[in-house]
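# Structural overview for review
Given next are the chains, with one letter for each unit.
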Amino acid sequence: MEEFAYILDYLPTGMSGSGMGKKEPVVYAVGDDEFKLFILVPKPQAVFGVGDRVYIGKENATNKRDVIDHVKSRISYSELTNNALAELEFAITTIVKANEPRFLRFFNEAQGISVRKHLLEEIPGLGKKSVEEILREREKQKFTSFADLTERAKVKVPEKLIAKRIVEEIESPDLKRYLFVSK
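If you're wondering where the values come from, they're calculated on a predicted model, not measured in any experiment. (Residues numbered from 1 in each chain as written. Predicted model: local features only at pLDDT ≥ 70, side-chain atom pairs only at ≥ 80, totals over all residues. Heavy atoms only, no water.)

## Remarks on the nonpolar core
Considering soluble globular proteins, one finds that nonpolar side chains tend to be buried as a cluster. One finds Val30, Phe35, Ile92, Ile134, Ile162 and Ile166 to be the most contacted residues of the largest nonpolar core, which totals 40 residues. Not counting chain neighbours up to four residues away, the residues in contact with isoleucine 162 comprise Val96, Phe103, Phe106, Phe107, Ile123 and Phe180. Grouped together as the second largest cluster of nonpolar side chains are 11 residues, Phe38, Leu40, Ile56 and Val67 included. (Core = buried A, V, L, I, M, F, W, Y, C linked by side-chain atoms within 4.5 Å. Buried < 20%, exposed > 50% of the residue type's maximum accessible area, 1.4 Å probe, protein only. Contact = heavy atoms within 4.5 Å.)

And the structure:
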């Protein structure tokens, strides 16, 4: 279950085409653990902006929801607004950077899928030569940071490569493998 989400878009007058009744303001967001997409309803007079990380978990004494009133619904990639689509990769890159050990573990522990293909090849921008270099370097010593991965294995901006894969997984409901997104 998602505890926190990053705000992708805010519609202060609600969603278009939602009937003639009272329109409530809504927030489009992506969860920072399983990358689920949501429409959230903000609390009245709450102050927030696009890119902010907000608590959406169960309300309790230690993590009180101070910005979000409730989760309106889970949505699919195709239901995001144009602004939310434009912000999605930035938000996911922020999440990946904030959780570097989690995603670095993937580079340190990913295994072969078959004799001819390695799980690392599922990352956009990593071909066979890049994967071979990563495998050679991690045999010597596990990677300790994205900077270490970049320096030793010559992988340019690994957080962006991971973010592109996550967006691909969110966007495509029929991929063969999901590495980071909960389905």
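Next comes the rest of the description.
## With respect to helix H5 (residues 158-171)
Helix length check: H5 (14 residues) gives 20 Å between terminal C-alpha atoms against 20 Å at 1.5 Å per residue, within 8%. Of all 14 residues making up H5, 10 are buried, and the element is well covered by its neighbours. Looking at H5, one finds that the buried residues are Pro158, Glu159, Leu161, Ile162, Ala163, Arg165, Ile166, Val167, Glu169 and Ile170. Packing partners of the buried residues in H5 comprise strand S3 (37-42), helix H1 (82-98), helix H2 (100-109) and helix H4 (146-153). (Helix = DSSP H or I, 4+ residues; strand = E, 2+ residues; numbered from the N terminus. Expected span 1.5 Å × (residues − 1).)

## Concerning H1
Taking 1.5 Å of rise per residue, the 17 residues of H1 would be expected to cover 24 Å, and the 25 Å separating its terminal C-alpha atoms lies within 8% of that figure. At leucine 88, H1 is deflected by roughly 35°, the largest bend along its length. Here the buried face of H1 lies against strand S1 (4-11), strand S2 (26-31), S3, H2, H4 and H5. (Bend = angle between axes of the 7 residues up to and from the residue.)

## Focus: the pairing of S2
A regular strand carries its side chains on alternate faces of the sheet. With respect to burial, S2 is a largely interior element, 6 of its 6 residues being buried. By the alternation rule, side chains of S2 split into Val26, Tyr28 and Val30 and Val27, Ala29 and Gly31, which are all buried. Note that S1 and S2 share 6 bridges and pair antiparallel. Within S2, the position partnered with tyrosine 6 by the bridge is valine 30. The pairing of S2 with S3 spans 4 bridges and is antiparallel. By the bridge assignment for S3, valine 27 is matched with leucine 40. What sits between the antiparallel neighbours S2 and S3 is a turn of 5 residues, in which phenylalanine 35 has the positive phi angle 60°. (Pairing = 2+ DSSP bridges.)

## Some words on the packing of aromatic side chains
Inspection of every chain in the model, using the stated rule, returns 6 aromatic pairs. Relative to tyrosine 55, the ring of phenylalanine 4 lies with its centre 5.2 Å away and its plane at 70°, an arrangement referred to as edge-to-face. Here phenylalanine 4, found in strand S1, pairs with tyrosine 55, found in strand S4 (residues 53-55); they are 51 residues apart in sequence, far enough to count as distant. Ring centres 5.5 Å apart and planes at 55° place the aromatic pair phenylalanine 103 and phenylalanine 180 in the tilted group. Taken together, the positions of phenylalanine 103 in helix H2 and phenylalanine 180 in the segment after H5 put the pair 77 residues apart, joining distant regions of the chain. Like phenylalanine 180, phenylalanine 103 is buried. (Phe/Tyr/Trp six-rings, centres within 6.5 Å; stacked < 30°, edge-to-face > 60°.)

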